[in-house]
Amino acid sequence: MGPSVNSAEKNAQIQDELVTTFRPIVNGAGLVGMAFFAFNAIKRFGFSEGLGQMVMGPLAIFFGVASGVMWLWTRKNRTSFQLEVCSAVICLALFSNTVTHLLIGFEAENLMYFAIMMPAFALMTPSFRMAMFWTALCVIAMLGVVWINTPELIFEYISVAVAGVLGAVAATTLIRGAIFNAVSARLEAVKEREEALRISVKDALTGLPNRRSFFDGFEDRLDGLRDSGRKFLLILVDLDGFKPVNDVYGHSAGDDLLRAVAGRLEAASPKGAMAARLGGDEFAVLADYPAQTAEVRRIASRLVDALSLPYSLPAGVVRISGSAGVYVCERTDLEASAMIERADHALYQAKNERRGEAVVFSKRDEVDLANVNHVDRCLRQADLENELSLVFQPQFDLVNNRVSGFEALGRWNNEQLGAVPPSIFIAAAERTTQMSRVTHVLLGKALKALADLPGGTRLAVNLSAHDLMSEANVQKIAEQIRLSGVDATRLELEITETAMLDDQDFASRSLGELQACGVSIALDDFGSGYSNFSYLQRLHVSKLKIDRSFVKPLMSEASAAKILRTLISLSKSLSMECVVEGIEKPEEMAYATAFGARYLQGFLLSKPMPLEAIPDFMTGVPTWIEQMQQEAGAVDIDAVTARPSTRLSTARRALP
Ligand code: C2E
Ligand code: MG
Ligand code: MG
């Protein structure tokens, strides 16, 4: 929307401007009038006699005093009406003085005063109406006096009157035109400045305050906290599942969705709160601390609950959710960045453990956060080559009763921290932008290990989503594989769904570059993300690894068996290999095999082991697998399902 100046507003501004411009003019006219009448009084009392002295003398003093009062009075700001009255008093004094003078003793040359007064009055009168009134009065008075005293000169004085009127009109319109232009220009400039300011503080897509005004608002609230102890809530909100909507329905649907999210956030925010868009699908809300502590969670839950309702967009109905991290800002010793770090920590937990919910940063999180920062520091300083190592977990081919391959799993042993699990150090590497360093070391060790693995087995190496985020990283990985000289067909790279979600075209190109080295791609933790099946074939993924989250509830949730069976048959119909991960119990193995799973991985079959342990482990594997299969086969699923307190009877019915 371009700047537009409303005409009422403009008129009011012009009025103000007229007052500002005319006050010094009227004030100056008062001074000039006073000087003129003082001079007149001296002239009348000193050099005139008769009526000239008796009438004009006192009149000069009277008008001089009146002009002086007007001069004094207009030294301060006055309203336009008051200025109008002042200028009328001065004009009246000058006019009356001239008329009286002419009535007492007519002298033709004194008629010129009228011609001078017309533009002069027009100049000193704030309103156009009054300027014209005085001009008309001068014309009438001048022509009246001429008509009475020298009617033969009437035509000449009509010319003088016309010149005087023109002069008056010119004076009054010029001054008003100049003021009008100045006001218009100033108003436009003000509007433009306001518009620029509006754009710079509002998010263009959603109309919510943008990142910058969020931080301004945050700083204001921090001042309030430090000055008067006013606590407040900092709530960071991140959408779950926004990117797939953007990919599947297109960017314009994504924009619609973001606008709808913004509207809901605003509506669900408590009174006086500020909902802002920080960028992408990240939002934030600043809210007053509620009267009761229990309200904190309710406030945040209201926000995320509002986001999880279905969205009716022109492109179709979509469902997403939003996770929130809440920090109660009450400590005055923390900087803004430390508070944001805490809210972010809570958000991270929500995203990873309680998607679609709000997590409030707690005292225990304070300890966690200190640990996280400590881990990040240690990782930055770590000697990765010596501290990182790999363990190998076998994958079993139940058709051929053999180990088909191993998955290389990273381990970090740090002097200060001890053994750090990959869930911690991979996240730390991603946070501290060291993922590519970590991957380089682990991939190097995996490539070396490949030579020592039994022939005919493959090795799977995990990549982080961050490894695929830049072309440089992907090229570095491809280069490392090529230079190692290994048989790349024995190498499999495991990537997670999240790595695919941001930009599918880019992901497709990246995977293409890796596949060009001869490696195959497995989709890890399949089903734990958004399961957008459309890209599976497009990306030429050759294996799906079904996440343990589908295996774990097999004994307790009826739908789990159905889902697992569907996922296994989906991979078959897409001609992809399928590994069921996280098999811990014979019953789980029984289900998986019953559903036609060929490849299994899990603690039941083998825990991850160091490279040196593999030769021993491999001896006797076929007979051992047979035993396992018999054991699993001996599990009477019917019996298991008949157990009370479980809902397995339904699961059993789901079996083929
Ligand atoms: P993942 O790739 O899905 O690896 C499987 C994880 O499940 C491993 O945990 C493994 O020890 C565990 N696991 C295997 N069988 C079972 C089972 O029967 N029950 C249970 N509960 N767990 C089982 P780990 O080694 O802790 O790795 C966790 C995750 O960390 C991996 O999940 C992977 O995403 C990541 N990761 C591990 N090593 C690397 C690595 O070298 N690079 C990258 N980028 N990520 C890695
Ligand atoms: Mg994996
Ligand atoms: Mg996995």
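Predicted model only: the values in this text are computed from it and were never measured. (Residues numbered from 1 in each chain as written. Chains lettered and ligands numbered in written order. Predicted model: local features only at pLDDT ≥ 70, side-chain atom pairs only at ≥ 80, totals over all residues. Heavy atoms only, no water.)

Novice: Quick question: what am I supposed to make of the packing of helix H12 (residues 336–353) against helix H13 (residues 363–381) here?
Specialist: The relative placement of two packed helices comes down to the angle between their axes together with the axis-to-axis distance. Between H12 and H13, the shortest axis-to-axis distance is 11 Å and the interhelical angle comes to 95 degrees. It follows that H12 is roughly perpendicular to H13 by the angle criterion. Across the interface between the two elements, Glu341, Arg342, His345 and Gln349 from H12 touch Asp365, Glu366, Asp368, Leu369, Val372 and Asn373 from H13. Split by residue class, the contact of H12 with H13 holds two nonpolar, three polar and five charged. (Axes fitted to C-alpha atoms, helices over the stretch in contact; angles between N-to-C directions. Helix = DSSP H or I, 4+ residues; strand = E, 2+ residues; numbered from the N terminus. Parallel < 35°, antiparallel > 145°, perpendicular 65-115°, else oblique. Contact = heavy atoms within 4.5 Å. Nonpolar A, V, L, I, M, F, W, Y, C, P; charged D, E, K, R; others polar.)

Novice: Help me understand the site of ligand 1, please; the structure alone is not making it clear to me.
Specialist: Near ligand 1 you find 23 residues, and of these Glu407, Asn462, Asp524, Glu584 and Phe603 are the closest. Within the contact set of ligand 1, an oxygen atom lies 2.8 Å away from a side-chain nitrogen or oxygen of asparagine 462. Glutamate 584 places a side-chain nitrogen or oxygen 2.6 Å from a nitrogen atom of ligand 1. Burial of ligand 1 by the protein amounts to 79% of the accessible area it has alone, namely 790 Å². Where the shell around ligand 1 is concerned, the elements lending two or more residues are strand E9 (402–414), helix H15 (422–431), helix H16 (435–450) and strand E13 (520–526). Looking at the shell around ligand 1, the element that brings in the most residues is E9, giving four residues. In terms of residue class, the shell around ligand 1 is made up of nine nonpolar, six polar and eight charged. (Near = heavy atom within 4 Å. Polar contact = N/O pair within 3.5 Å; in protein donor to acceptor, adjacent residues only side chain to side chain. Areas by Shrake-Rupley, 256 points an atom, 1.4 Å probe, with all protein chains shown as cover.)

Novice: Would you mind showing me how to read the coordination of the magnesium ion (ligand 3) here?
Specialist: Between any two of four tetrahedral donors, the ideal angle at the metal is 109.5 degrees; between two of six octahedral donors, it is 90 or 180 degrees. The magnesium ion (ligand 3) binds to the protein through Asp524 (OD), Asp525 (OD), Glu581 (OE) and Glu581 (OE), with metal-donor distances spanning 2.0 to 2.6 Å. Between the magnesium ion (ligand 3) and the magnesium ion (ligand 2) the interatomic distance comes to 4.0 Å, and aspartate 524 is a ligand of both metals. Accessibility expressed as a relative area gives 6% for aspartate 524, which makes it buried. What makes aspartate 525 partly exposed here is its relative accessible area of 24%. (Donors = N, O, S within 2.8 Å, 3.2 Å for Na, K, Ca; no water. Buried < 20%, exposed > 50% of the residue type's maximum accessible area, 1.4 Å probe, protein only.)

Novice: Hey, could you run me through the pairing of E9 in this one?
Specialist: Across a regular strand the side chains alternate sides, sitting on one face of the sheet and then on the other. Burial of E9 is extensive: ten of the 13 residues sit out of reach of the surface. As defined by bridge partners, strand E8 (residues 388–397) adjoins E9 across ten bridges and the pair is classed as antiparallel. Across the sheet, residue leucine 390 finds its bridge partner in E9, namely glycine 410. Between E8 and the antiparallel strand that follows it, E9, lie four residues; asparagine 401 among them carries a positive phi value of about 50 degrees. Pairing of E9 with strand E11 (residues 458–462), which is carried by four bridges, proceeds in the parallel orientation. What sits directly across from glycine 405, in E11, is arginine 458. The pairing of E9 with strand E10 (residues 418–420) spans three bridges and is antiparallel. Paired with asparagine 413 across the two strands is alanine 419, which belongs to E10. The hairpin turn running from E9 into E10, its antiparallel successor, is three residues long. (Pairing = 2+ DSSP bridges.)

Novice: What should I look at first to understand the pattern of salt bridges in this one?
Specialist: Any two side chains of opposite charge can pair if their charged atoms end up close together. In the structure shown here, the tally under the stated rule is 25 salt bridges. In this structure, aspartate 288 engages arginine 221 in a salt bridge whose closest nitrogen and oxygen atoms are separated by 2.6 Å. One end of the pair, aspartate 288, is in strand E3 (residues 282–288); the other, arginine 221, is in helix H8 (residues 211–228), with 67 residues separating them in the sequence. By relative accessible area, aspartate 288 is classed as partly exposed at 42%. On the basis of relative accessibility, which here comes to 18%, the residue arginine 221 falls in the buried class. Two residues, arginine 331 and aspartate 333, come together in a salt bridge whose shortest N-O distance is 2.9 Å. (Salt bridge = Lys/Arg side-chain N within 4 Å of Asp/Glu carboxyl O.)

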